[in-house]
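Residues per chain, in single letters:
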Amino acid sequence: MIQKYYIYNMKTYTLHPFIALLILLLSFSSCKKKGCTDPTAENYAADAKKDDGSCTYKDQATITLKFSHNFNGTAVSAADFDQLKYTNADGNILSITKLQYLISDVRFYRANGDSLTINGYHLIDLQDTNSFNYVLSQAVATNPFIGIGFNYGFDEEDNISGQYADLNAESWSSPEMLGGGYHQMKLEGRYIAGSGDTVSYQYHNLSRIRQINGTDTTFHPNYVHIDLPHSFSFSDNTTIELKMNINEWFQNPNIWDLDSMYTMLMPNYDAQVMMTENAYSVFSVGAVTEE
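Residues numbered from 1 in each chain as written. Predicted model: local features only at pLDDT ≥ 70, side-chain atom pairs only at ≥ 80, totals over all residues. Heavy atoms only, no water.

With that out of the way, let us pick up the overall build of the chain. Secondary structure assignment for the chain yields 3 helices and 18 strands. Out of the 291 residues in the chain, the part that is buried amounts to 43%. Within the chain, contacts between residues separated by at least 24 positions form 64% of all contacts whose residues are at least 6 apart in sequence. Surface summary for the chain: the accessible area is close to 14,700 Å², and the carbon and sulfur share equals 52%. (Helix = DSSP H or I, 4+ residues; strand = E, 2+ residues; numbered from the N terminus. Buried < 20%, exposed > 50% of the residue type's maximum accessible area, 1.4 Å probe, protein only. Contact = heavy atoms within 4.5 Å. Areas by Shrake-Rupley, 256 points an atom, 1.4 Å probe, with all protein chains shown as cover.)

In structure tokens, the structure reads:
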């Protein structure tokens, strides 16, 4: 319980404005106390409200996430760029020329309902094989887990315009008129249109959106949290493969017709919502290897 201390002016018996402001700031900061929120950790802080990545364990493992990419089971790499070799659910024949996406705040789940969140973010770029491996900043207890999760994009707390110099250098920012913050994914390529022409498409997904045409100009979060059930038993060093099936962006649950949605999708509110809805089936857990 926060104790309130009042300093009164001897003449007016009113609360001094500066002290009142100080009390308010201290009360606010106490509500956001950071520390280790994992009950199984050696330094668990029961009063912490947000995990700060400081958890330590008697037996712990270093976890690496390894990202792989396929189109309905066919491996995809930068070597396949600009080849019209993929067919989506709507029958569009297409190629890929760019694929970048961001994940943040990885979480591990236990059978008792507890979870461990490891704060941070990682940008994966299909042209940069070094980006396929993400070594988590915090070691993880070796006791069993039943699933892994992560944010596709940034949640509202982290989606702050201009906050991340490395992402700014990658032109990852979203225009302020569209909601600001950052992208979640940039998927680009070419496809054979109904006219027979080869047309470029840009499937860019944002973490915050708004309707720029219409009466509702409120900014809406557009990220999702992906949960992937899987039994893990970690050793000292463990690599977890996270697989992306690119084809799922075009089909589940929303069948994507590139003839009608191929460009100018960033300001298209409905298209942005549909993209994010399709994110749930895109990822799966692949091989788990221990050293």
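Turning next to unusual backbone geometry. The omega torsion of the bond from Asn-252 to Pro-253 falls at 5 degrees, within 30 degrees of zero and hence cis. Not every positive phi belongs to a glycine, and Asn-72 is a case in point at roughly 55 degrees. Within the element layout of this structure, Asn-72 appears in the loop between strand S3 (60-71) and strand S4 (74-75). Positive phi outside glycine occurs at Met-264, with the angle close to 55 degrees. Here Met-264 lies in the loop between strand S17 (237-245) and helix H3 (269-278).

Let's shift gears to the confidence of the model for the chain. Scored by pLDDT, the chain has a mean of 88; 87% of the residues are at 70 or more. Note that pLDDT drops below 50 for residues 1-13; the model gives that stretch 12 contacts with residues more than four away or on any other chain. (pLDDT = per-residue confidence, 0-100.)

For the rest of this paragraph, the subject is the pattern of salt bridges. Counted under the stated rule, the structure contains 3 salt bridges. In this structure, the salt-bridge partner of Lys-85 is Asp-80, at a minimum N-O distance of 3.1 Å. Classification of Lys-85 as partly exposed rests on a relative accessible area of 41%. Asp-80 sits in the buried class, given a relative accessible area of 14%. A salt bridge links Asp-82 to Arg-190, with the nearest nitrogen and oxygen atoms 2.8 Å apart. Of the two residues, Asp-82 is situated in the loop between S4 and strand S5 (86-87) and Arg-190 in strand S12 (residues 183-192); the sequence distance between them amounts to 108 residues. Classification of Asp-82 by relative accessible area gives partly exposed; the value is 39%. By relative accessible area, Arg-190 is classed as partly exposed at 28%. (Salt bridge = Lys/Arg side-chain N within 4 Å of Asp/Glu carboxyl O.)

General note: in soluble globular proteins, nonpolar side chains tend to be found buried as a group. Counting residues in hydrophobic clusters, the biggest one holds 60 residues, and the most contacted among them are Leu-65, Phe-108, Trp-249 and Phe-250. Excluding anything up to four places from it in sequence, Trp-249 contacts Tyr-152, Met-185, Leu-187, Tyr-203, Met-244, Trp-256, Met-275, Asn-278, Ala-279 and Val-282. Grouped together as the second largest cluster of nonpolar side chains are 7 residues, Leu-102, Leu-123, Phe-154 and Trp-172 included. (Core = buried A, V, L, I, M, F, W, Y, C linked by side-chain atoms within 4.5 Å.)

The next subject is the environment of Ala-141. Of note, Ala-141 is situated in strand S10 (residues 140-141). If we ignore the near neighbours within four places in the chain, the residues touching Ala-141 are Thr-40, Tyr-57, Asp-59, Gln-60, Arg-110 and Phe-234.

Attention shifts here to the packing of aromatic side chains. Applying the stated rule across the entire model yields 21 aromatic pairs. Ring geometry for Phe-154 against Tyr-182: centres 5.9 Å apart, planes inclined by 75 degrees, an arrangement best described as edge-to-face. One end of the pair, Phe-154, is in the loop between strand S11 (145-152) and helix H2 (165-169); the other, Tyr-182, is in the loop between H2 and S12, and 28 residues separate them in sequence. With relative accessibility at 0%, the residue Tyr-182 sits in the buried group. Among the aromatic residues, those joined into a cluster by ring pairs are Phe-67, Tyr-101, Phe-150, Tyr-152, Tyr-201, Tyr-203, Trp-249, Phe-250, Trp-256 and Phe-283. (Phe/Tyr/Trp six-rings, centres within 6.5 Å; stacked < 30°, edge-to-face > 60°.)

Right, let's get into the pairing of S12. Among the 10 residues that make up S12, 8 are buried, leaving the element largely enclosed by the rest of the structure. Strand direction decides the pairing type here: S12 and strand S13 (residues 198-206), joined by 9 bridges, are antiparallel. Within the sheet, the bridge partner assigned to His-183 lies in S13 and is Leu-206. In sequence, S12 turns back onto S13 through a hairpin of 5 residues, with Gly-196 there showing a positive phi of about 95 degrees. (Pairing = 2+ DSSP bridges.)

Our focus in this paragraph is a nonpolar patch on the surface. On the surface, a nonpolar cluster with roughly 200 Å² of combined accessible area is contributed by Leu-84, Ile-93 and Ile-192. One can find Ile-192 in strand S12. Judged by relative accessible area, which is 32%, Ile-192 ranks as partly exposed. (Patch = residues over 30% accessible without salt bridge, like charges linked within 9 Å, V, L, I, M, F, W, Y side chains within 5 Å.)

This part takes up H3. Side chains that are three or four residues apart share a direction in an α-helix, a result of its 3.6 residues per turn. When you tally the buried positions in H3, you get 7 out of 10 residues, the bulk of the element. Listed in full, the buried residues belonging to H3 are Tyr-269, Ala-271, Gln-272, Met-274, Met-275, Thr-276 and Asn-278. Residues of H3 that are buried make contact with S12, S13, strand S14 (208-209), strand S15 (220-221) and strand S16 (224-232). The backbone nitrogen of Asp-270 has a side-chain oxygen 3.3 Å away, supplied by the residue at the start of H3, namely Asn-268. (Polar contact = N/O pair within 3.5 Å; in protein donor to acceptor, adjacent residues only side chain to side chain.)

If you trace the backbone, Arg-110 turns up in the loop between strand S7 (98-109) and strand S8 (115-125). The exposure class of Arg-110 is buried, given its relative accessible area of 6%. Sequence-distant contacts of Arg-110, defined by excluding residues within four places in its chain, comprise Asp-38, Thr-40, Ala-141, Asn-143, Pro-144, Phe-145 and Ile-146.

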